[in-house]
Amino acid sequence: MSQPRLIILCTGNSCRSQMAEGFLRELASDLFDVQSAGMNPATEVHPLAVKVMLEVGIDISGNTCKHINAFFDELIDTVLTVCSHADQSCPILPASTKRHHFGFPDPAAAEGTEDEKLVVFRKIRDDISRVFLAYIAGRRDAL
C-alpha cells in the first residue's frame, strides 16, 4: 500500500512550501509521500531558501516548483497551506482530503542586503520547523 500523499501549498512554491517540504521529507517520510506545489509556481526554488535549509542539513536544491494541478489525477490525503493566498484560493478538493492552514510571512518579500534577507529567511525557516515538528508529533500520536 502506498503512503498517503501530503501536499504543502503556497502561492509561488519557491520558499515556504519548499522549506516545509524539506522538513517533512526529512522528518516524516515514513508517514507521507510529501510534495509541495503552488497556485502560481515560480520558475525556480529561491536560492536563499536553498541556502538556509543547507544550514540545517537539508538539501532542497534538487526540488522543482510545481503547479497544484499536477497532483489532481492522484488521491491527495492532506493539503497544508502555508500562505494566506493559497488558503483563500485553494481549489475545491474531495471531501476526504484533510486541509490545514499554517500561515507564514513570505521571506521572498524581504528587502535589504543579502545578509538582512538571510535573517528573514532563517526566521521563517525556524518558524516552519517548529510548527511542522508539532504537526508531525500530533500525526504520530494519532496513529
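Quick caveat: nothing in here was measured; it's all calculated off a predicted structure.

Undergrad: Just give me the short version of the overall build of the protein, but keep the residues and values in it.
TA: Along the backbone of the protein there are four helices and four strands. Put simply, the protein runs from its N terminus to its C terminus through helices and strands in the order β-α-β-α-β-α-β-α. Taking 2.2 N^0.38 as the reference for a compact globule, 143 residues should give roughly 15 Å; the C-alpha atoms of the protein span a radius of gyration of 14 Å, in line with that estimate. Taking the principal axes of its C-alpha atoms as reference, the protein extends roughly 45 × 30 × 25 Å. Counting only contacts in the protein whose residues sit at least 6 apart along the sequence, the fraction spanning at least 24 positions is 72%.

Undergrad: Can you break down unusual backbone geometry residue by residue, with the values?
TA: Backbone geometry places N13, a non-glycine residue, at a positive phi of 55 degrees. Mapping N13 onto the fold places it in the loop between β1 (5-10) and α1 (16-28). Judged by relative accessible area, which is 0%, N13 ranks as buried.

Undergrad: Talk me through the packing of aromatic side chains; I want residue IDs and the actual numbers.
TA: What describes a pair of aromatic rings is the distance from one ring centre to the other and the angle between the planes of the rings. With the rule as written, the count across this model stands at four aromatic pairs. For the ring pair F102 and Y135, a centre distance of 5.9 Å and an interplane angle of 75 degrees mean the geometry is edge-to-face. Of this pair, F102 sits in the loop between β4 (98-101) and α4 (114-142) while Y135 is found in helix α4, placing the two residues 33 residues apart along the sequence. When the centroid spacing of 6.3 Å and the interplanar angle of 75 degrees are considered together, the rings of F132 and Y135 count as edge-to-face. You can see F132 and its partner Y135 sitting in helix α4, three residues apart, about one turn around the helix. One exposure class covers both F132 and Y135, and it is buried. Among the aromatic residues, ring-to-ring pairing joins F102, F104, F132 and Y135 into one connected group.

Undergrad: Got a sec to walk through the packing of helix α2 (residues 47-55) against α4? Specific residues and values, please.
TA: Two elements in contact, α2 and α4, have axes separated by 10 Å at closest approach and are oriented at 60 degrees. As judged from the angle between their axes, α2 and α4 are oblique. For the pair α2 and α4, the crossing hand works out as right-handed. Across the interface between the two elements, L48, A49, K51, V52, M53 and E55 from α2 touch E114, K117, L118, F121, R122 and R125 from α4.

Undergrad: Mind laying out the pairing of β1, listing which residues take part and the relevant values?
TA: Among the six residues in β1, six count as buried, and that is most of the element. Because side chains alternate across β1, one face comprises the buried residues R5, I7 and L9, and the other comprises L6, I8 and C10, equally buried. Taken together, the six bridges between β1 and strand β2 (residues 33-38) define a ladder with parallel strand orientation. What sits directly across from L9, in β2, is A37. Crossover handedness for the path β1 to α1 to β2: right-handed. In this structure, β1 lies alongside strand β3 (residues 78-81), joined through four bridges in parallel fashion. Residue I7 lies in a different strand from β3, and its bridge partner there is V79.

Undergrad: Before we move on, could you go through α1 and cite the residues and values that matter?
TA: Between its first and last C-alpha, α1 extends 17 Å over 13 residues, near the 18 Å set by a 1.5 Å rise per residue. Within α1, 10 of the 13 residues are buried, which leaves it mostly tucked inside the rest of the structure. Where α1 is concerned, the buried positions are R16, S17, Q18, M19, A20, E21, G22, F23, L24 and A28. Buried residues in α1 make contact with β1, β2, α2, β3 and α4.

Thresholds, definitions, all that
- Residues numbered from 1 in each chain as written.
- Predicted model: local features only at pLDDT ≥ 70, side-chain atom pairs only at ≥ 80, totals over all residues.
- Heavy atoms only, no water.
- Helix = DSSP H or I, 4+ residues; strand = E, 2+ residues; numbered from the N terminus.
- Rg over C-alpha atoms; globule rule 2.2 N^0.38 Å.
- Contact = heavy atoms within 4.5 Å.
- Buried < 20%, exposed > 50% of the residue type's maximum accessible area, 1.4 Å probe, protein only.
- Phe/Tyr/Trp six-rings, centres within 6.5 Å; stacked < 30°, edge-to-face > 60°.
- Axes fitted to C-alpha atoms, helices over the stretch in contact; angles between N-to-C directions.
- Parallel < 35°, antiparallel > 145°, perpendicular 65-115°, else oblique.
- Left-handed = near helix turned anticlockwise from the far one by under 90°.
- Pairing = 2+ DSSP bridges.
- Right-handed = clockwise from strand over helix to strand, strands pointing away.
- Expected span 1.5 Å × (residues − 1).

Take it as geometry only, folks, not as evidence of what the structure does.
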